[in-house]
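Breakdown of the fold
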6 protein chains.
Amino acid sequence: MIELSSSTWPDIRDVLSAGPTVAVLPFGALEQHGPHLPLDTDTRQSEAIARDIAAALDAVLLPSIEYGNTWGNAAFPGTVSLSLDTVAAICSDIAASLDSSGFALLVVVNGDYGNRLPLQVSVEKRAASGARMPVLVLDYPGLTEIGDRVKESPWAAPGLCHADELETSMMLAISPATVHPERFVVEYPELPPDFGQRPQALAGLGETGVFGDPRAATAAKGRQILAHVVAESLTAIERTMRAIGIR
Amino acid sequence: MIELSSSTWPDIRDVLSAGPTVAVLPFGALEQHGPHLPLDTDTRQSEAIARDIAAALDAVLLPSIEYGNTWGNAAFPGTVSLSLDTVAAICSDIAASLDSSGFALLVVVNGDYGNRLPLQVSVEKRAASGARMPVLVLDYPGLTEIGDRVKESPWAAPGLCHADELETSMMLAISPATVHPERFVVEYPELPPDFGQRPQALAGLGETGVFGDPRAATAAKGRQILAHVVAESLTAIERTMRAIGIR
Amino acid sequence: MIELSSSTWPDIRDVLSAGPTVAVLPFGALEQHGPHLPLDTDTRQSEAIARDIAAALDAVLLPSIEYGNTWGNAAFPGTVSLSLDTVAAICSDIAASLDSSGFALLVVVNGDYGNRLPLQVSVEKRAASGARMPVLVLDYPGLTEIGDRVKESPWAAPGLCHADELETSMMLAISPATVHPERFVVEYPELPPDFGQRPQALAGLGETGVFGDPRAATAAKGRQILAHVVAESLTAIERTMRAIGIR
Amino acid sequence: MIELSSSTWPDIRDVLSAGPTVAVLPFGALEQHGPHLPLDTDTRQSEAIARDIAAALDAVLLPSIEYGNTWGNAAFPGTVSLSLDTVAAICSDIAASLDSSGFALLVVVNGDYGNRLPLQVSVEKRAASGARMPVLVLDYPGLTEIGDRVKESPWAAPGLCHADELETSMMLAISPATVHPERFVVEYPELPPDFGQRPQALAGLGETGVFGDPRAATAAKGRQILAHVVAESLTAIERTMRAIGIR
Amino acid sequence: MIELSSSTWPDIRDVLSAGPTVAVLPFGALEQHGPHLPLDTDTRQSEAIARDIAAALDAVLLPSIEYGNTWGNAAFPGTVSLSLDTVAAICSDIAASLDSSGFALLVVVNGDYGNRLPLQVSVEKRAASGARMPVLVLDYPGLTEIGDRVKESPWAAPGLCHADELETSMMLAISPATVHPERFVVEYPELPPDFGQRPQALAGLGETGVFGDPRAATAAKGRQILAHVVAESLTAIERTMRAIGIR
Amino acid sequence: MIELSSSTWPDIRDVLSAGPTVAVLPFGALEQHGPHLPLDTDTRQSEAIARDIAAALDAVLLPSIEYGNTWGNAAFPGTVSLSLDTVAAICSDIAASLDSSGFALLVVVNGDYGNRLPLQVSVEKRAASGARMPVLVLDYPGLTEIGDRVKESPWAAPGLCHADELETSMMLAISPATVHPERFVVEYPELPPDFGQRPQALAGLGETGVFGDPRAATAAKGRQILAHVVAESLTAIERTMRAIGIR
């Protein structure tokens, strides 16, 4: 793995000239994660997963984007949100830069629900315009599956993972010092009957920003979750690498 | 100082309700800095300065933007550039978010020459539209002055500071492990007669990306430079804090 | 059901003043559907489903949009495509118009895969800006489920429904005169290993534009499919109607 | 005439390969037309005229756009308006699609006053950018002339044709079931002294949305009007066909 | 008449506080006008007419815009063109500025064919958005009529007025020193059969940029033309002034 | 010097074919300059300087843009402001036009502080996109230096030059009839502590719009100032002409 941030330009020139090169971009966010998890939870998680992916592929790890499209949590102080269009523009600009430098593939490891739409917009516009370098956006593949397997507390909603046992477990594995067990609260906000059917601010639904029960979280579970998501991500990436003939 | 990334939303709620709060945003870049400095040199420098500023002011330190408007170095592999409009949009979105959360002032510590224009665009548009929260952009105030004082090697051009003795000194102070003294090269590219008069790619001017002589760089000089820029920044910020009545 | 196109403005004034009113918009496309199905297949299907929905809800049926975001089939003559941004703008303008007229809810019955992303963009931007009237986009809920039940031929890919037994069945039910059984061809294009993982033109994958086997299609199957999608759509709509307090 | 909507892609491939092909696009609107005419009056009229044009030229008839730029009638319930920019974008996208498919000419039969400006914008931008395929926008050529000839009631303003004897006659010819003679009202709103000199909402001028007297309308007059507009349209189209060397 | 350019701000404050104030903006262009007329012909003409209008109304004369949307003549050296969008933006910004200053009406005296469309776009968008201050765009009302009366040479096309007897006469009246009679050439370019039906570059049609015969031009005719256009303009303006209740 | 406005297209064709041609564009503004100077002060000054530059270089003088980005003075009646984006668009369109006509260099003589940012944006975007013809923006080089030399009254702020002794002197030299000595007022508004550090409306700072003391102004000083700025401008232009190989 090469970390782009601490490399020099001749380092990257050498990597690119040695063969088809994959870049991995963690795309995080800065939004409320309850009273017990830090605001950059999404960034740390996507960075940890991206790092493992880059290590497995001997790929180039890009520095993280630490802000995302998080209007739905804007009412919680400390949430700092980019607009949908800005998130899309960041992805498009980075992809265009890597494309012209000769990278073979950009993998975006997306850590925030609100970034899904703008990242897809960016990627589809590139495809429709016939851009050379493909971009693959991954939204934690396999997370729900492994969640079903390791979770002891119920989901606040199927697949909804926000400041709950899953996220807390991952953070205990990645960055235990930022987790505050003494502030664990359990909240299962009453969700509107059409939750998940159309975009909706999370902010109005609960009091604490927690959607579930963090109490059963453990670092071991976190490591299990991360390993599964990394493995599923690698499977997906390898499919695309084969599709474009670099694996 | 409160680091936003590792805080929780109730932490920030408490800070904001305690009185007028200043936020400090390091805006970096990812561009070539010769064979001996890392691609994220601008980010690390602006982050170090922003951190000292935030500490002095007991302000909220925001996570860094690690990409900037660096088209002029795009020809060097590893440079990853955002467009002028994207840099402006990032600043505008973050400012709007902090404004609606009730922050009193945003200070942007800009670490890259190419970000100056888009950051000013963002800030002027906010002012012209009558936005409440002011934004102050700082481009390393006092850097040329302290450079004149500590530099032993000549400038490649007056005030031009790129992978030279100054930047290398700062990096030796901030992050010595990322500096490669064994790759030090000296280059004084021949500059066009109107250098600095109009925008121009740096990439075509030299071979190595170095503009000067890094050999005389020391960590001690770096600390001296950083301290001076921090002090000048604080003076500037205090002027604005007085102007808006929070100091 | 009130058909907006053939109503007069006093008719609509009366409907709106009688209580919360739902509008239903079929969003189609004009793209290749093999040698045996017409170019407006997506429009006819979404219109048929939207009509049944409007009838069941006593809602206002809007005229169809007969063009969609179909760049992926642009290489087939007769495909006429709108851009992603134009599809989003159409949805946003119509929603804004209905919102200011006092409608309670807009349901978009989307008939084309390529419209999913722009319709979601439109809807999320409305939500993020705090618009009053909600918009619910439906992408044929339950289609894969009923497909699994009625299909005799294999899927070209899981859930991929293009000019195959399912679409041909629906068209036999809706508009048999436009179906050309004498031109039925069977094609199972070899799909790239990462099919479905990232946006990709369908046009390059096969010869005929058919993805499956239309030969087992029947009008009876078509009616069964349509009824299931309508029923699932109504369930979804009722969830949103309850969420906004109009059911 | 080939109707694009009910054709298949091989049909269109064959048409295009047989020689220079003209496409005809009806551009309608969804706006109030008094208590006696349906909201889609403009769409039905432009579609009828476009169909006759396409038949006469053996051209390809495109599906109608059933929404237009009708902000001036937005205050009447049931009017659903697109913005000026969206109408222009629709025309530009369709033209670009047909251009890349190899069509020789696009004729837009515009049925709504509010679409004139955006359609011209779209067409001029194409011309200024040097696009290959020309686009000809027709705004019912000859309508005022034939109106002067057949009308028995006075104009509400010279050339102003909205829910009056002319439009009612055309609708009696095209779609009698949608006309409600029992709701005929006569209204000659007092017009501001500078009516027609600058853009102005129709909505504030009258009570009923009628601008004239529909009582003398007959289907026979409608057929006469339509035939005249079609003939004048064909004359105009032939001029352009000769100009570009396909007639 | 008050000339805004040479006034001071207290002068304008006094004018505005004395009662409803009309502003008059000449919108010109910089484009080829044959070998005998200067490139700023359109600007000088619109300025002369605007000045007479402002004098008659005791209105405020704004400084001229000396560039217009003249892509159709871009192939002639010396033509300098703004885009359609830029012309519209200039008009919108100036109108917004005057609106917020309290002017009662802006009259735009448009001197270039290519500006018609963007000026109408600007004005319609203002109307659709409900802006307070109306804008009236005048495209030399009565010009064709007076041309028919005074012209001795034939029109190159009905109403087409470019570097011909009419424009040359006006320039002899306004600015005789800029007219070069020794370079008079007569050219009646063969026009395509659909000339005037759709946007088309003038540049490709002739050799000299003249569309007609300047030889019969006289200053007396020019004065007659200008007086007629001014009179017709005043009639139009008075209609709008009555419509908005300031006359 | 060739004045573009009064030239004909064959004149410009001949100039361009004779060798590398420089164009000079005065970019002014229409904003308050106290009770004693006209609203178009910036335009007249930039035009006078541009004219002398063009004469010295035998260059082509373009007609002035008489409006600028002056939101900061919008509260003073008579100020008419373009937006930042419109100023940038004007510069970009003119540059593109001259570029495609074959000019070798565009020099913009900027007369208004508010235009600096948008002109730089325009110029940088051209550079980043690899446009052929360079654009050099000059903001009165040497003005502060000569001001320090000739001024008898103190500066309102270092380098701040608005309706003061310097501007009044220049206007006495350029256009004495527009200067009203009988209305001279002296005002040294109290400036906020961070004046000049971030964009701020001038309008709120003083009463009269004067920033200094116009009483010591003389035409002789004005001529001295103008001559110095012209000389410094020529030095800068010659640097760029050498850089691009045309001097």
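Predicted, not measured: the structure shown is a model, and the values here were computed from it.

In terms of regular secondary structure, chain A is built from 7 helices and 5 strands. Taking 247 residues into account, the globule formula puts the C-alpha radius of gyration at 18 Å, and chain A, at 18 Å, falls close to it. Across its three principal axes, chain A shows a C-alpha extent of roughly 55 × 35 × 30 Å. For chain A, buried positions account for 64% of its 247 residues. In chain A, the proportion of contacts linking residues at least 24 apart, taken out of those at least 6 apart, comes to 77%. With the model as given, the accessible surface of chain A reaches about 8200 Å², and the carbon-plus-sulfur share is 50%. Mean positive and mean negative side-chain charge positions of chain A (17 and 30 charges, respectively) differ by 5 Å.

At no point do chain B and chain D touch; the closest pair of C-alpha atoms across them sits 22 Å apart. Regarding chain B and chain E, which are not in contact, the minimum distance between any of their C-alpha atoms is 13 Å.

All names here are of chain D. As enumerated under the stated definition, the model contains 93 salt bridges over all chains in all. Residues Arg 198 and Asp 194 are paired through a salt bridge, measuring 2.6 Å at the closest nitrogen-oxygen approach. A single burial state applies to Arg 198 and to Asp 194, both of which are buried.

The next point concerns the packing of helix α2 (residues 41–57) of chain F against helix α7 (residues 219–243) of chain F. The axes of two packed helices give the description: the angle between them and the distance between them. Residue and element names in this part refer to chain F. Where α2 contacts α7, the axes come no closer than 10 Å and their chain directions differ by 50°. With respect to α7, the element α2 is oriented oblique. Handedness of the crossing formed by α2 with α7: right-handed. Contacts between α2 and α7 involve Ile 49, Asp 52, Ile 53, Ala 56 and Leu 57 on the former and, on the latter, Leu 226, Val 229, Val 230, Ser 233, Leu 234, Ile 237 and Met 241. Of the residues in the contact of α2 with α7, the class split is 10 nonpolar, 1 polar and 1 charged.

All right, on to the sheet that holds strand β2 (residues 22–27) of chain A then. Sheet strands associate in pairs through backbone hydrogen bonding, adopting either a parallel or an antiparallel arrangement. Residues and elements named next belong to chain A. Sheet architecture is open: 5 strands sit in the order β1-β3-β2-β4-β5, paired in parallel fashion. Looking at which strands have only one partner, the edges of the open sheet turn out to be β1 (2–3) and β5 (135–138). Direction of pairing for strand β4 (residues 105–110) relative to β5: parallel, over a ladder of 4 bridges. From the neighbouring strand, Val 107 faces β5, where its bridge partner is Leu 136. Along the sheet face, helix α2 (residues 41–57) touches β1, β2, β3 (60–61) and β4 and points at about 170° away from the line of β2.

Turning next to helix α7 (residues 219–243) of chain C. In this model, α7 of chain C (25 residues) spans 36 Å end to end at C-alpha, consistent with the 36 Å of a helix rising 1.5 Å per residue. Positive phi appears at Gly 245 of chain C, one or two residues downstream of α7 of chain C, with a value of about 75°.

Next up on the list: the side chain of Thr 43 of chain C. All names here are of chain C. Within the secondary structure, Thr 43 sits in helix α2 (residues 41–57). The exposure class assigned to Thr 43 is buried, which follows from its relative accessible area of 2%. Ignoring sequence-local partners within four residues, the contact set of Thr 43 consists of Gly 28, Ala 29, Ser 64, Ile 65 and Glu 66.

A few words on the packing of helix α5 (residues 143–150) of chain B against helix α7 (residues 219–243) of chain B. Residue and element names in this part refer to chain B. Relative orientation of the contacting elements α5 and α7 amounts to 150°, with a least axis distance of 9 Å. Taken as axis vectors, α5 and α7 run roughly antiparallel relative to one another. Considering how the two elements wind past one another, α5 and α7 form a crossing that is right-handed. Listed contacts from α7 to Leu 143, Glu 145, Ile 146, Arg 149 and Val 150 of α5 are Lys 221, Gln 224, Ile 225, His 228, Val 229 and Glu 232. For the contact of α5 with α7, a count of residues per class yields 5 nonpolar, 2 polar and 4 charged.

Looking now at the interface of chain F and chain E. Counting residues at the interface gives 50 residues for chain F, matched by 50 residues for chain E. Between chain F and chain E, roughly 3600 Å² of surface is buried when both sides are summed, and carbon and sulfur atoms account for 62% of that area. At the junction of chain F and chain E, the tally comes to 2 salt bridges. Here Arg 183 of chain F ties to Asp 11 of chain E by a salt bridge, and the two come within 3.2 Å at their closest N and O atoms. Those elements that provide at least two residues to the side of chain F that touches chain E are α1 (9–17) and α3 (84–101) of chain F. Per-element tally for the side of chain F that touches chain E: the top contributor is α3 of chain F, with 8 residues. Among the residues forming the side of chain F that touches chain E, the class breakdown is 23 nonpolar, 19 polar and 8 charged.

Its rotation angle being 180°, the transformation that places chain F on chain E also includes 0.0 Å of axial translation and leaves an RMSD of 0.0 Å. Within this description, the copies of the chain are treated as partners about a two-fold rotation axis. Residue by residue, 100% of the interface of chain F is reproduced at the interface of chain E, so both copies engage with the same surface.

What follows concerns the environment of Leu 84 of chain B. On the secondary structure map, Leu 84 of chain B appears in helix α3 (residues 84–101). Of the residues examined, Leu 84 of chain B reaches a relative accessible area of 6% and is grouped as buried. Taking the C-alpha atoms as reference, Leu 84 of chain B lies 9.5 Å from Arg 116 of chain B; in sequence the two are 32 residues apart. Not counting residues up to four positions away in its chain, the partners in contact with Leu 84 of chain B are Asn 69, Leu 117 and Pro 118 of chain B together with Val 121, Glu 124 and Lys 125 of chain F.

Right, let's talk about the sheet that holds strand β4 (residues 105–110) of chain C for a bit. All names here are of chain C. Taken in spatial order, the 5 strands of this open sheet run β1-β3-β2-β4-β5, and their pairing is parallel. Unpaired on one side and paired on the other, β1 (2–3) and β5 (135–138) mark the two borders of the sheet. With 2 bridges connecting them, strand β2 (residues 22–27) and strand β3 (residues 60–61) associate as parallel partners. If you follow Ala 23 over to β3, its bridge partner there is Val 60. Against the sheet, α2 makes contact with β1, β2, β3 and β4, and its axis sits at roughly 170° relative to β2, the strand it touches most. Relative to β2, helix α3 (residues 84–101) is tilted by about 165°, and along the sheet it contacts β2, β4 and β5.

Further remarks concern helix α5 (residues 143–150) of chain D. Residues and elements named next belong to chain D. All of the buried residues in α5 are Leu 143, Ile 146, Gly 147 and Val 150. Viewed along the axis of α5, the buried residues span an arc of 105°, placing them on a single side of the element. Of the exposed residues in α5, the ones pointing more than 90 degrees away from its buried face are Asp 148 and Arg 149. Where the residues of α5 are buried, they touch α6 (165–174) and α7 (219–243).

Mapping chain B onto chain A calls for a rotation angle of 180° and an axial translation of 0.0 Å; the resulting RMSD is 0.0 Å. Interface residue correspondence from chain B to chain A reaches 100%, placing this contact among same-surface, isologous pairings.

Moving on: the interface of chain B and chain A. If you look at the interface, chain B gives 50 residues, while chain A gives 50 residues. Contact between chain B and chain A buries roughly 3600 Å² in total, counting both sides, with carbon and sulfur atoms accounting for 62%. For chain B, the biggest contributors to the area lost against chain A are Trp 9, Tyr 67 and Pro 77 of chain B; these three give 20% of the whole. The tally of links between chain B and chain A comes to 2 salt bridges. Inspection of the region where chain B meets chain A yields 20 residue pairs in polar contact (both at pLDDT 80 or more). Going through the elements one at a time, α1 (9–17) and α3 of chain B are the ones with two or more residues in the side of chain B that touches chain A. No other element matches α3 of chain B, which puts 8 residues into the side of chain B that touches chain A. Its residues assigned to classes, the side of chain B that touches chain A shows 23 nonpolar, 19 polar and 8 charged.

Of the two faces of β5 of chain A, the one holding Val 135 and Val 137 of chain A and the one holding Leu 136 and Leu 138 of chain A are both buried throughout. Where the polypeptide runs from β4 of chain A across helix α4 (residues 116–128) of chain A and back to β5 of chain A, its parallel neighbour, the crossover connection is right-handed.

The subject of this paragraph is the packing of aromatic side chains. Going through the model one piece at a time under the given rule, you end up with 6 aromatic pairs over all chains. One cation-aromatic arrangement involves Lys 151 of chain B over Trp 155 of chain B; the distance from NZ or CZ to the ring centre is 4.9 Å.

Residues and elements named next belong to chain C. Extensive coverage of β4 is indicated by the burial of 6 of its 6 residues. Neither face of β4 is left uncovered, since the one carrying Leu 105, Val 107 and Val 109 and the one carrying Leu 106, Val 108 and Asn 110 both have all their residues buried. Looking at chain direction, β2 and β4 are connected through 6 bridges and run parallel. From the neighbouring strand, Phe 27 faces β4, where its bridge partner is Asn 110.

Reading the values: the criteria
Residues numbered from 1 in each chain as written. Chains lettered and ligands numbered in written order. Predicted model: local features only at pLDDT ≥ 70, side-chain atom pairs only at ≥ 80, totals over all residues. Heavy atoms only, no water. Helix = DSSP H or I, 4+ residues; strand = E, 2+ residues; numbered from the N terminus. Rg over C-alpha atoms; globule rule 2.2 N^0.38 Å. Buried < 20%, exposed > 50% of the residue type's maximum accessible area, 1.4 Å probe, protein only. Contact = heavy atoms within 4.5 Å. Areas by Shrake-Rupley, 256 points an atom, 1.4 Å probe, with all protein chains shown as cover. Lys, Arg positive; Asp, Glu negative; His and termini not counted. Charge placed at Lys NZ, Arg CZ, Asp CG, Glu CD. Salt bridge = Lys/Arg side-chain N within 4 Å of Asp/Glu carboxyl O. Axes fitted to C-alpha atoms, helices over the stretch in contact; angles between N-to-C directions. Parallel < 35°, antiparallel > 145°, perpendicular 65-115°, else oblique. Left-handed = near helix turned anticlockwise from the far one by under 90°. Nonpolar A, V, L, I, M, F, W, Y, C, P; charged D, E, K, R; others polar. Pairing = 2+ DSSP bridges. Expected span 1.5 Å × (residues − 1). Buried area = accessible area lost by both parts, 1.4 Å probe. Least-squares fit on C-alpha atoms with pLDDT ≥ 70 in both. Arc of directions from axis to C-beta. Polar contact = N/O pair within 3.5 Å; in protein donor to acceptor, adjacent residues only side chain to side chain. Right-handed = clockwise from strand over helix to strand, strands pointing away. Phe/Tyr/Trp six-rings, centres within 6.5 Å; stacked < 30°, edge-to-face > 60°. Lys NZ or Arg CZ within 6 Å of the ring centre and 35° of its normal.

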